[in-house]
Amino acid sequence: MPDKIANKFIDQLDQLRATLSTIDHESGSSLTAGLENLEKIARQQTMLLDTLTAIYEDSRTVAEKDQLLENAAKLIRQNFEFETVSIYLLDESRLWLSLKASTASDEAPRLPVDNNQPARKIVHHRRAEVISNNETTEAFIPLLGGGRVIGMIRCDSKQAADFSATDVRLLQILANQLASAIENTILLHQADQQLEQLATLHGINLQIGGARSLEEITRQIAELSTRLVNANGSVVR
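Parameters at a glance
Residues numbered from 1 in each chain as written. Predicted model: local features only at pLDDT ≥ 70, side-chain atom pairs only at ≥ 80, totals over all residues. Heavy atoms only, no water. Pairing = 2+ DSSP bridges. Helix = DSSP H or I, 4+ residues; strand = E, 2+ residues; numbered from the N terminus. Axes fitted to C-alpha atoms, helices over the stretch in contact; angles between N-to-C directions. Buried < 20%, exposed > 50% of the residue type's maximum accessible area, 1.4 Å probe, protein only. Polar contact = N/O pair within 3.5 Å; in protein donor to acceptor, adjacent residues only side chain to side chain. Contact = heavy atoms within 4.5 Å. Expected span 1.5 Å × (residues − 1). Arc of directions from axis to C-beta.

1. A look at the sheet that holds strand S1 (residues 84-90)
Here six strands make up an open sheet; going across it, the order is S3-S2-S1-S6-S5-S4 and the pairing antiparallel. Two strands close off the open sheet at either side, each with one partner strand: strand S3 (110-112) and strand S4 (129-132). Strand after strand, the sheet turns through a mean of 25° between neighbouring axes, direction not considered. As paired strands, strand S2 (residues 96-102) and S3 are joined by three bridges and run antiparallel to one another.

Pasting the structure below:
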């Protein structure tokens, strides 16, 4: 549906552009520039909706957080035609941003929050940062989940001054959706672990109830407990 609406809007812009050929040159140039800007906005919104939908669907079907982030990085790079896209998450100490997914092969594996200007602004001020030079532009977008920063998205473009205020707002909407998907995936993983532990405990109760000796009870508890603590050869003392 979003594609149909955007395509219909673009067709209408093409019709208006053709009409401009009957208008004087100065007025026509001004109107053409305005229509081109509207067309760009329509395409951006279509890309945003497509990417949001794909991330939402991924969050429902992909069980592993790392795979979700790998898919998201590739999708954002493809849909928005960036040079590279990297996704970092804050570690438990909240002192480092750790790389979790990237379309680049040489991205830094960790960034110190207090000694890196974009990272510091992202974590402490929860604001996006755009850094541009004569050749490239980088956008750093905070991942906001549950009212706090959980990481950031770094987008690199080969075009100087390639990120407008509108671009940053669109990327922030995208980052918020991704942060929500990350948190949902973590919660689902924790729920699966809890269910597995409960099932293991239930199995221990059933087997202990059917055991005939203390030695058999000890052996069964040791075997089943390894599934709870991920250890081999545990012994009940």
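2. Quick look at the side chain of Arg154
Its place among the elements puts Arg154 in strand S6 (residues 148-157). Relative accessible area serves as the criterion here: at 17%, Arg154 is assigned to the buried category. At a separation of 2.9 Å, a polar atom in the side chain of Arg154 contacts the side chain of Glu107. A polar atom in the side chain of Arg154 sits 3.3 Å from the side chain of Asp156. Once residues lying within four places of it in the same chain are set aside, the contact partners of Arg154 are Thr84, Val85, Ser86, Glu107, Glu138, Ala139 and Phe140.

3. As for helix H3 (residues 65-80)
Taking 1.5 Å per residue as the helical rise, H3 with its 16 residues ought to reach 22 Å, and the 22 Å between its terminal C-alpha atoms agrees with that figure. Buried residues of H3: Leu68, Leu69, Ala72, Ala73, Ile76, Asn79 and Phe80, and no others. Taken end-on, H3 shows its buried residues confined to a sector of 150°, consistent with a single buried face. Turned more than 90 degrees off the buried face of H3, the exposed positions are Lys74 and Gln78. Trailing H3 by a residue or two, Glu81 shows a phi angle of about 60°, which is positive.

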